[in-house]
Amino acid sequence: MSDATPPEPGDAHLALTLVGALEGLAPMRRQVRAVLGAFDVGIDAADDVVLVLNELVTNAIEHGHRGAVAPVNVDVEIRSEDLGLTVGDHGTWLDPAPQEHRGRGLDIARALASGPTEVHRTAVGTEVSTVLPRHRGGPSAEAGRR
Amino acid sequence: MAPGPDDDEVVDRPFEVEIVQTARAVHVNLRGDLDDVGSAQLDVALDALLRSEPARTVIELKDVATLTSSGIRTLVRAWNWAVDRDETTLVITGASPSVRRIFEACGLLGILWE
């Protein structure tokens, strides 16, 4: 979904469909962090993933769906060297000048990414993809949360 | 992928804003996730507090687990409020390395007291 990197042994794939409400963000962060911890993704890298997903899903809800409750698809590919993130909504980001803090969401994603952060129009909505490093050092997310 | 009891205990703790008045400053101690929900709560608390124009306010981030752009927006708004006033000082401090990185990513390290 996010790029053409072929899967290798040990790669994993997490796909979530959220209801599309801001109240779902905290449970999403918890679920993603648990999965990343289970795959020995470091705490710092997991923090980055959770934050970027939070920002992209928030954008999807507020700019894609304009606050309406509609599904948001979250896809995380856990690869040996990096983590591919894709967030898809069912709307179109028409607002060219989002609020200042919302504009920071994509900036945060780009600042933390190890590859390009791209926004694509799809047949059903808008999809944002980015790549984050899998390793930033430190203990795993699972170990660090206990 | 239902969360277990341990996950609920650790992660579902509600965001908390504690305001402590000392002789030297008003301390705003934050705990939990400063996200959309937390920042809305902090907005209300800071609006009420800053209307009284305390001479020195310290926003303590050491127990903030997650900081999102909504939280950044709330902190920047408070910072800008203080910058516009000569008689008041606002300090934002205690950021963990992961929270500090968010300020850095936003180009806002300058508002952190380190």
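Note that the coordinates shown come from a computational prediction; the quantities given were computed from them, not determined experimentally.

**So, the interface of chain B and chain A**
Now for step 1: The interface of chain B with chain A comprises 24 residues on the first partner and 26 residues on the second.
Now for step 2: Between chain B and chain A, a total of about 2,000 Å² is buried, with carbon and sulfur atoms accounting for 56% of that surface.
Now for step 3: Between the two partners, chain B and chain A, sit three salt bridges.
Now for step 4: Between B:Asp33 and A:Arg29 there is a salt bridge, with the nearest N and O atoms lying 2.9 Å from each other.
Now for step 5: Inspection of the region where chain B meets chain A yields four residue pairs in polar contact (both at pLDDT 80 or more).
Now for step 6: Put simply, the parts of the chain that give the side of chain B that touches chain A at least two residues each are helix H1 (5–11), strand S3 (56–67), helix H3 (69–83) and helix H4 (97–105) of chain B.
Now for step 7: Take the side of chain B that touches chain A: its biggest share by element is five residues, from H3(B).

**A short note on the sheet that holds strand S4 (residues 89–93) of chain B**
Residue and element names in this part refer to chain B.
Now for step 1: Ordered by their spatial adjacency, five strands build an open sheet running S1-S2-S3-S4-S5, and the pairing between neighbours is mixed. Each edge of the open sheet carries a strand with a single partner, namely strand S1 (16–21) and strand S5 (112–113).
Now for step 2: Looking at chain direction, S4 and S5 are connected through two bridges and run parallel. Counted as the bridge partner of Thr-93 is Trp-113 from S5.
Now for step 3: Most of the contacts of H3 go to S3, to which it runs at about 170°, and overall it touches strand S2 (26–34), S3 and S4.

Cut-offs used in this document
Residues numbered from 1 in each chain as written. Chains lettered and ligands numbered in written order. Predicted model: local features only at pLDDT ≥ 70, side-chain atom pairs only at ≥ 80, totals over all residues. Heavy atoms only, no water. Contact = heavy atoms within 4.5 Å. Buried area = accessible area lost by both parts, 1.4 Å probe. Salt bridge = Lys/Arg side-chain N within 4 Å of Asp/Glu carboxyl O. Polar contact = N/O pair within 3.5 Å; in protein donor to acceptor, adjacent residues only side chain to side chain. Helix = DSSP H or I, 4+ residues; strand = E, 2+ residues; numbered from the N terminus. Pairing = 2+ DSSP bridges. Axes fitted to C-alpha atoms, helices over the stretch in contact; angles between N-to-C directions.

These figures capture arrangement, not role.
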